[in-house]
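# Results of the structural survey
Residue-level listing of the chains:
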Amino acid sequence: MLDTIAVDIVFAIADFLPAAGDCCNLRAACRHLRDALAPLVFRSVRATNLDQDRAAIAALVAAQGHHFQHVRFQCMLHGERYDDDCSDASSEGGDDIVNSEGPTFVPTDILLGLLATNMHALTLEFIADDNFEPKDYYWVVVENRFMGSAYISYETESAKDVAAAERRWEWRRVMADTWRAVALNTRIRSLTIRSLPPIITTTWHRPEWASFVDQIEHLSIGMWGACYNPTQRYSIETDGYQDFLTVGLQNSFFNHAEGLVSFVFVSSPCGTYGGDNQVSGTPFTLLPSDMPRLRRLRLQNCFFDAALLDFLQAHTPTLESIHLIDFMAASNALNWARGTTDENLTWAGFFDGIASAKPLLLTDFRLTMRKVSMNEVATTFQDSSDGLQILHAMEQKLAEDEAFPLFYYGYLSNQNGCIIRQAADKIVRSFRNGEDLASYERLMAIVRANKEGSISCRNK
């Protein structure tokens, strides 16, 4: 009976199965269902570079590789493995992928797309082992697996330094070989990078890498970041990390992303991106000419600044969606501490700047912020009758509308690079003068009008 069910009916049944494993169980019922469901079961697979998985991965690719559409590659990095007898350290890197017979390898059959001929989406996740660094450094693991060691980006590296490191250290060689294989895959259109180490590779200087980035339509980058002992200093304080956020990202990704339609960037809380006039920190390096086809943008754990506003204004002819998560305006408190009078961009200036560029296609603008602590605000203003009145008004607004926006201000500590959120002081003052909220509502009125116009056009 099961052998006679049409394939389209089998697919319809599979769509209603609640768990991913249910499809595998159904596939085991008979040969007909096994063959019919193979495209669904194997359209998304996971692979590693561990030698213990080598045989299983090779067999899977050979048998089912033509069904792969999305591959999640977990790249394990072993920090203590190195070669004392590495060859010519001044070399700029070889042309061949090493793919050695050691504890780790690069699954080139998948990454190159030789047998996975239908693969169009790739997720790269870099994971370090427990012995990655010297004992006086330690790991920080936070949401979405953004983890790492500030030690690896302590200094900037020249092209010769990068090539020498890739020959000496196994984890650097594995990263280079992985990127080299990926760069030669002409079918990938969606690339997600999790825990991207702030390390330049020789592959990114090759012409095939520029061509690869140009073909990507959907790019998501989650940065690796950490703090280190004994001073609890954060990645953003290191020269190598700052160089990567500025020169590295611009030269290796942003500058080549001609075909990009959707871009997601998640900054590590230990290496926050953006912000003008910060002692430790890196302003956005997105240029108005980057990503000319961009329609959807999502940024997280960042400060906005003038460079980001310039980028958004230049892209109003194409931008349809902007989603900002845990964003902050850079506070002037640090400037006061330095004795300077530089004015940073306020939330009101940011919203008005976007609105002034006439974003006719923008139908989705979202702010997702961490919830403010009313206890923190109350403690700060408990001796001020005016402050308590503002507090009660804020509480009433939040009770009426859980999505009511509260606009955060903050800065990076000049002691260790950590984020200092001025929640109580700045949020209350922003709420009291109303300028930030008024500008936000003006922008949202434009967004709503665009959305209603778009719906009207579709209904005609």
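These notes cover the structure that comes with them.

### Details of empty space enclosed by the protein
Applying the stated criterion to the full structure yields three cavities of 30 Å³ or more. Here the largest cavity defines a volume of roughly 100 Å³. Looking at the largest cavity, the residues that line it are I152, S153, E155, T156, E157, P198, I199, I200, G240, D243 and F244. Looking at side-chain class alone, the lining of the largest cavity contains five nonpolar, three polar and three charged residues.

### Observations concerning the packing of aromatic side chains
Per the counting criterion, the structure on display carries 22 aromatic pairs. Taking 5.6 Å as the distance between ring centres and 90° as the angle between the ring planes, the aromatic pair formed by W209 and F253 counts as edge-to-face. Of the two residues, W209 is situated in helix 8 (residues 207–215) and F253 in the loop between helix 9 (239–252) and strand 10 (262–266); the sequence distance between them amounts to 44 residues. A relative accessible area of 0% means that W209 is categorised as buried. Classification of F253 by relative accessible area gives buried; the value is 1%. Ring geometry for F265 versus Y273: centroids 5.3 Å apart, planes at 50°, classification tilted. When sorted by exposure, F265 lands in the same class as Y273, which is buried. Among the aromatic residues, ring-to-ring pairing joins F126, W179, W204, W209, F212, F244 and F253 into one connected group. Across the ring face of W171, the terminal group of R172 is positioned such that the distance to the ring centre comes to 5.4 Å.

### Some words on the pairing of strand 10
Most of strand 10 sits inside the fold, with five of its five residues counted as buried. Alternating positions in strand 10 separate into two faces, S262, V264 and V266 on one and F263 and F265 on the other, with burial throughout. Sheet topology note: the strand 7 (residues 218–223)/strand 10 ladder contains five bridges and is parallel. Residue I221 lies in a different strand from strand 10, and its bridge partner there is F265. Alignment of strand 10 against strand 11 (residues 296–300), held across five bridges, turns out to be parallel. Each bridged residue has a counterpart across the sheet, and for S262 the counterpart in strand 11 is R296.

Scoring rules and cut-offs
Per chain, the residues get numbers from 1 upward, laid out in the order the sequence is written. Owing to the predicted nature of the model, reporting of local features is limited to residues with pLDDT of at least 70; listing and counting of side-chain atom pairs is limited to 80 or more, with chain, interface and lining totals taken over all residues. For the side-chain quantities, the full set of heavy atoms in the structure was used; hydrogens and water were omitted. A cavity here means a set of points on a 1 Å grid, drawn over the protein atoms and nothing else, where a 1.4 Å probe fits but cannot get out; a pocket is an open set with protein on both sides within 12 Å along at least five of seven lines, and a residue lines either one if it has an atom within 4 Å of a point. Grid points are joined across faces, edges and corners, and a volume is the space filled by probe spheres set on the points. Basically, the charged four are Asp, Glu, Lys and Arg, the nonpolar ten are Ala, Val, Leu, Ile, Met, Phe, Trp, Tyr, Cys and Pro, and anything else, Gly included, counts as polar. Two aromatic rings, drawn from Phe, Tyr or Trp (for Trp, its six-membered ring), form a pair once their centres lie within 6.5 Å of each other, and the interplanar angle then sorts them: stacked below 30 degrees, edge-to-face above 60, tilted otherwise. Secondary structure elements are defined from DSSP: runs of H or I of at least 4 residues count as helices, runs of E of at least 2 residues count as strands, and each element is numbered from the N terminus. With a 1.4 Å probe rolled over the protein chains alone, any residue whose accessible area is under 20% of its type maximum counts as buried; one over 50% counts as exposed, and the rest are partly exposed. Lysine NZ or arginine CZ positioned within 6 Å of the ring centre and within 35 degrees of the ring normal marks a charge as sitting over the ring. Pairing between two strands is assigned when DSSP locates at least 2 bridges connecting them.

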